[in-house]
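# An overview of the molecular structure
The lines below spell out each chain.
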Amino acid sequence: MAKLAQGAKYRGSIHNFPDFDPSQDADTLYNAMKGFGSDKEAILELITSRSNRQRQEICQNYKSLYGKDLIADLKYELTGKFERLVVGLMRPPAYSDAKEIKDAISGIGTDEKCLIEILASRTNEQIHQLVAAYKDAYERDLEADIIGDTSGHFRKMLVVLLQGTREEDDVVSEDLVQQDVQDLYEAGELKWGTDEAQFIYILGNRSKQHLRLVFDEYLKTTGKPIEASIRGELSGDFEKLMLATVKCIRSTPEYFAERLFKAMKGLGTRDNTLIRIMVSRSELDMLDIREIFRTKYEKSLYSMIKNDTSGEYKKTLLKLCGGDDDAAGKFFPEAAQVAYQMWELSAVARVEVKGTVHPAGDFNPDADAKALRKAMKGLGTDEGTIIDIITHRSNAQRQQIRQTFKSHFGRDLMADLKSELSGDLARLILGLMMPPAHYDAKQLKKAMEGAGTDEKALIEILATRTNAEIRAINEAYKEDYHKSLEDALSSDTSGHFRRILISLATGNREEGGEDRDRAREDAQVAAEILEIADTTSGDRSSLETRFMTILCTRSYQHLRRVFQEFVKMTNYDVEHTIKKEMSGDVRDVFVAIVQSVKNKPLFFADKLYKSMKGAGTEEKTLTRIMVSRSEIDLLNIRQEFIEKYDKSLHQAIEGDTSGHFLKALLAVCGGED
């Protein structure tokens, strides 16, 4: 098993086998491969229940007893992915890494993703062992081979990482943190061109503890995470390597959870990546990876492997995984402490929200009104001019254009646009032209019109708007439809769902800070209503009302503390517990509130992704979010989108829409990340 730092708990899924007898195990494996065919079940059962150190002893005893090489026999008897997986487990970790890197740089082309994964994630000690193992196994110098197979800044950073000289001192100098933040900022954002050497030196050499503080300070100083600057300033494999380095510094298990998810999502499985990670992390941090995987992707690593693989290959991977975490929302005790600390940090973090649409400089409503009139006059319509003007003006400026248009031409700009445009483009442009509160009011009205109700739209708007925004929506709804929003909701919804929506529609959420004692009481109510508390202090109906009041009226800051106390009290995540214990629209609205409290830009990033994934596009959802968030937090949404889905919002829109609608959406999106 892997050597532990003093005081650290073992977080691997594979353990030393008790009463280990290497000679008996060697004999069992020999018999499993003797004669016609092989007993694959016996092989996988034995190998996955022994630690790597024990497997090395089995190899030695096998050679002593039978004069044969166990790995060579396994290669002969097994085939395909199962063979690659079992043989990977039989090698010492450093030799397994050496083989992966040798394969990555052999032949035509280079597997840059493999190089990035291994060199960005290994400790100094693991790097030193890897270099020695490569030399021993292939009688070649690893650094020379990597220099020969890569180029540019990518090569320079790989060589720096290969030295295995990252600082390991936990004592951090605040002055040096500030200096590194300034150096990174000046090397990227403030410089014409980029000083890649500064990024390489700082990210390749400073200690993890130091760099985590640098990243925190960088966000406070520049208003954007270091990842956003890397994406903006660097490119290609070098950019990917630096992002992987940052991810591993923040959380190596989270980096691997993300790599595993991407290896199995969509059509086909990236088996080499899956095998490499499951083998290399099985005695290091597989329990942490599993926990983060389930929390981040709302499914267990075990269940995803089970659904994505087959045969003995699947059975072996599941043994390495070590267990199923689909008891929804349940944390390991150690991971619960980590989750508690994460909430502590999120309560302190203050991310500046930024839109993508800004007031135009040298704004001339008179010129804009004339240009729009010309674009719509006569035969045909100049959609390009309409898109260019409307997507590059703030909403306040668009209202001035509307006024000026009516003064000049005695015409209603909205009516003219409606007459000249059609389909998705018309919905987007007309949405941008409406004042935000009137736009939201219209979306709510449409969600309740005709047969059936669009509960998703009601939830998305009412669960995410601020008090001021909700009050403005109420006024706009009354003005436009001569009926109160509360009456409309009462007529079109029912039961608990109606009560929740009406509570949200009052716009009476508290706006103060947290109250720790009250947060513990609120967490207890949540635990009781979600049926994971040891005791119950009231009747069900009363608890339901209290739970609704907590989620609908407590301030965001206070609710973050409630969710934190909930983790501490129960070892569960409140969001996943709601998903498991509740159902229907009530579950969906509570989940939306929790997600909005946790990270509102991520909530909208998820909605945008789902609106464009699979066959067909939910254009109404896509339009509604792009319009409503364009001047609030669309830049933050873009950052969350690329962080979670490994592609930019710009790319997703490009791949899923077309024509003038595409052009207008990209203008609102505001840039490629």
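Residues numbered from 1 in each chain as written. Predicted model: local features only at pLDDT ≥ 70, side-chain atom pairs only at ≥ 80, totals over all residues. Heavy atoms only, no water.

Per an unreviewed UniProt entry, the chain is named Annexin, and its organism is Balaenoptera acutorostrata.

With that settled, consider the overall build of the chain. For the chain, the helix and strand inventory stands at 39 helices and zero strands. Computed over its C-alpha atoms, the radius of gyration of the chain comes to 29 Å, within 12% of the 26 Å expected for a compact globule of 673 residues. For the C-alpha atoms alone, the extent of the chain along its principal axes is close to 100 × 65 × 55 Å. The buried share of the chain, reckoned over its 673 residues, is 51%. Contacts in the chain between residues far apart in sequence, at least 24 positions, make up 72% of those at least 6 positions apart. Summing over all exposed atoms, the chain offers an accessible surface of approximately 30,500 Å²; the carbon and sulfur share of this is 48%. Averaging the locations of the 96 positively and 111 negatively charged side chains of the chain gives two centres separated by 3 Å. (Helix = DSSP H or I, 4+ residues; strand = E, 2+ residues; numbered from the N terminus. Rg over C-alpha atoms; globule rule 2.2 N^0.38 Å. Buried < 20%, exposed > 50% of the residue type's maximum accessible area, 1.4 Å probe, protein only. Contact = heavy atoms within 4.5 Å. Areas by Shrake-Rupley, 256 points an atom, 1.4 Å probe, with all protein chains shown as cover. Lys, Arg positive; Asp, Glu negative; His and termini not counted. Charge placed at Lys NZ, Arg CZ, Asp CG, Glu CD.)

The next subject is the environment of Gly423. Positionally, Gly423 belongs in helix 25 (residues 423–433). Linking Gly423 and Pro22, residues 401 residues apart in sequence, is a C-alpha distance of 72 Å.

This part covers empty space enclosed by the protein. Applying the stated criterion across every chain yields a total of one cavity of 30 Å³ or more. In this structure, the largest cavity spans a volume of roughly 30 Å³. In terms of lining, the largest cavity is formed by Asp522, Ala526, Phe547, Ile550, Leu551, Val562, Phe563 and Val574. Where the lining of the largest cavity is concerned, the elements lending two or more residues are helix 31 (516–529), helix 32 (540–553) and helix 33 (556–570). Looking at the lining of the largest cavity, the element that brings in the most residues is helix 32, giving three residues. (1 Å grid on protein atoms, 1.4 Å probe; cavity = no way out; pocket = protein on both sides within 12 Å on 5 of 7 lines; lining within 4 Å. Points joined across faces, edges and corners; volume = space filled by probe spheres on them.)

With that settled, consider the pattern of salt bridges. Taken as a whole, this structure holds 43 salt bridges when the rule is applied. One salt-bridge network, held together by shared partners, links Glu100, Glu117, Arg259 and Arg276. (Salt bridge = Lys/Arg side-chain N within 4 Å of Asp/Glu carboxyl O.)

With that settled, consider the environment of Ser280. As for its placement among the helices and strands, Ser280 is situated in helix 16 (residues 271–281). Separated by 249 residues in the primary sequence, Ser280 and Ile529 place their C-alpha atoms 41 Å from one another. In terms of polar contacts, Ser280 uses its side chain to reach the backbone carbonyl oxygen of Arg276, at 2.9 Å. (Polar contact = N/O pair within 3.5 Å; in protein donor to acceptor, adjacent residues only side chain to side chain.)

The subject of this paragraph is the packing of helix 22 (residues 383–391) against helix 25. Two elements in contact, helix 22 and helix 25, have axes separated by 10 Å at closest approach and are oriented at 35°. Helix 25 is crossed by helix 22, and the crossing has left-handed handedness. Contacts between helix 22 and helix 25 pair Glu383, Ile386, Ile387, Ile390 and Thr391 from the former with Leu425, Ile429, Leu432 and Met433 from the latter. In the contact of helix 22 with helix 25, the residues fall into seven nonpolar, one polar and one charged. (Axes fitted to C-alpha atoms, helices over the stretch in contact; angles between N-to-C directions. Left-handed = near helix turned anticlockwise from the far one by under 90°. Nonpolar A, V, L, I, M, F, W, Y, C, P; charged D, E, K, R; others polar.)

This part takes up the side chain of Arg629. Secondary-structure assignment places Arg629 in helix 36 (residues 619–629). Take Arg629: its relative accessible area is 2%, and that puts it in the buried class. A polar contact is formed between the side chain of Arg629 and the side chain of Asp633, at a distance of 3.0 Å. The contacts of Arg629, once residues within four sequence positions are left out, are Arg465, Lys600, Phe604, Leu634 and Ile637.

What the second largest pocket holds in volume is close to 1,400 Å³. The wall of the second largest pocket is formed by 47 residues, among which Lys456, Lys607, Lys610, Glu618 and Thr621 lie closest to the centre. For the lining of the second largest pocket, the leading source of residues is helix 35 (residues 584–612), giving ten residues. For the lining of the second largest pocket, the class distribution of residues is 16 nonpolar, nine polar and 22 charged.

Let's shift gears to helix 37 (residues 634–645). Across its twelve residues, helix 37 extends 16 Å between first and last C-alpha, which sits within 8% of the 16 Å expected from 1.5 Å per residue. Among all positions in helix 37, only Leu634, Asn636, Ile637, Arg638, Gln639, Phe641, Ile642, Lys644 and Tyr645 are buried. Contacts from the buried residues of helix 37 go to helix 14 (226–233), helix 17 (286–297), helix 35, helix 36, helix 38 (649–656) and helix 39 (659–669). Positive backbone phi, at 60°, marks Asp646, one or two positions downstream of helix 37. (Expected span 1.5 Å × (residues − 1).)

The biggest cluster of nonpolar side chains holds 100 residues, and the ones touching the most others in it are Leu417, Phe547, Phe590 and Met626. In terms of residue count, helix 35 provides more of this core than any other element does, twelve residues in total. Excluding residues that lie within four positions of it along the chain, Phe590 makes contacts with Ile500, Phe547, Met548, Leu551, Ile578 and Met582. Core analysis: the second largest hydrophobic core is formed by 90 residues, Ile118, Ile275, Val279 and Ile289 among them. (Core = buried A, V, L, I, M, F, W, Y, C linked by side-chain atoms within 4.5 Å.)

The phi dihedral of Asp362 falls on the positive side, at around 50°, and the residue is not glycine. Structurally, Asp362 is set in the loop between helix 20 (333–348) and helix 21 (365–376). At His482, a residue that is not glycine, the phi angle is positive and equals roughly 55°. Looking at the secondary structure, you find His482 in the loop between helix 28 (467–481) and helix 29 (485–492). Judged by relative accessible area, His482 falls into the exposed class, the value being 69%.

Turning next to helix 9 (residues 142–149). By the burial criterion, the buried members of helix 9 are Leu142, Asp145 and Ile146. Buried positions in helix 9, seen along its axis, are confined to an arc of 95° and lie on one side of it. The inward-facing, buried residues of helix 9 contact helix 6 (93–105), helix 7 (112–121), helix 8 (124–138) and helix 10 (152–162). (Arc of directions from axis to C-beta.)

As a further point, take the packing of aromatic side chains. Any aromatic ring pair is given by two values, namely how distant the centres are and how the planes are angled relative to each other. Counted by the stated rule, this structure contains 14 aromatic pairs. Judged by centre distance (3.7 Å) and plane angle (5°), the rings of Tyr609 and Tyr645 are stacked. One end of the pair, Tyr609, is in helix 35; the other, Tyr645, is in helix 37, with 36 residues separating them in the sequence. Taken together through their ring pairs, the aromatic side chains of Tyr30, Tyr62 and Tyr66 make up a single cluster. Against the face of Phe17 rests Arg50, its NZ or CZ located 3.6 Å from the ring centre. (Phe/Tyr/Trp six-rings, centres within 6.5 Å; stacked < 30°, edge-to-face > 60°. Lys NZ or Arg CZ within 6 Å of the ring centre and 35° of its normal.)

Quick look at the environment of Leu501 now. Tracing the sequence through the fold places Leu501 in helix 30 (residues 495–505). Spatially, the C-alpha atom of Leu501 lies 38 Å from that of Thr404, the residues being 97 residues apart in sequence. Discounting chain neighbours no more than four positions away, the residues touching Leu501 are Leu458, Leu462, Leu489, Thr493 and Val589.

Attention shifts here to the side chain of Asp606. Following the sequence through the fold, Asp606 ends up in helix 35. With a relative accessible area of 12%, Asp606 lands in the buried category. A polar contact is formed between the side chain of Asp606 and the side chain of Tyr645, at a distance of 2.5 Å. Setting aside residues no more than four positions away along its own chain, Asp606 makes contact with Lys644 and Tyr645.

Attention now moves to the state of the cysteines. Scanning all chains against the criterion turns up zero disulfides. The cysteine Cys248 is free of any disulfide, with Cys114 supplying the nearest cysteine sulfur at 13 Å. (Disulfide = S-S within 2.5 Å.)

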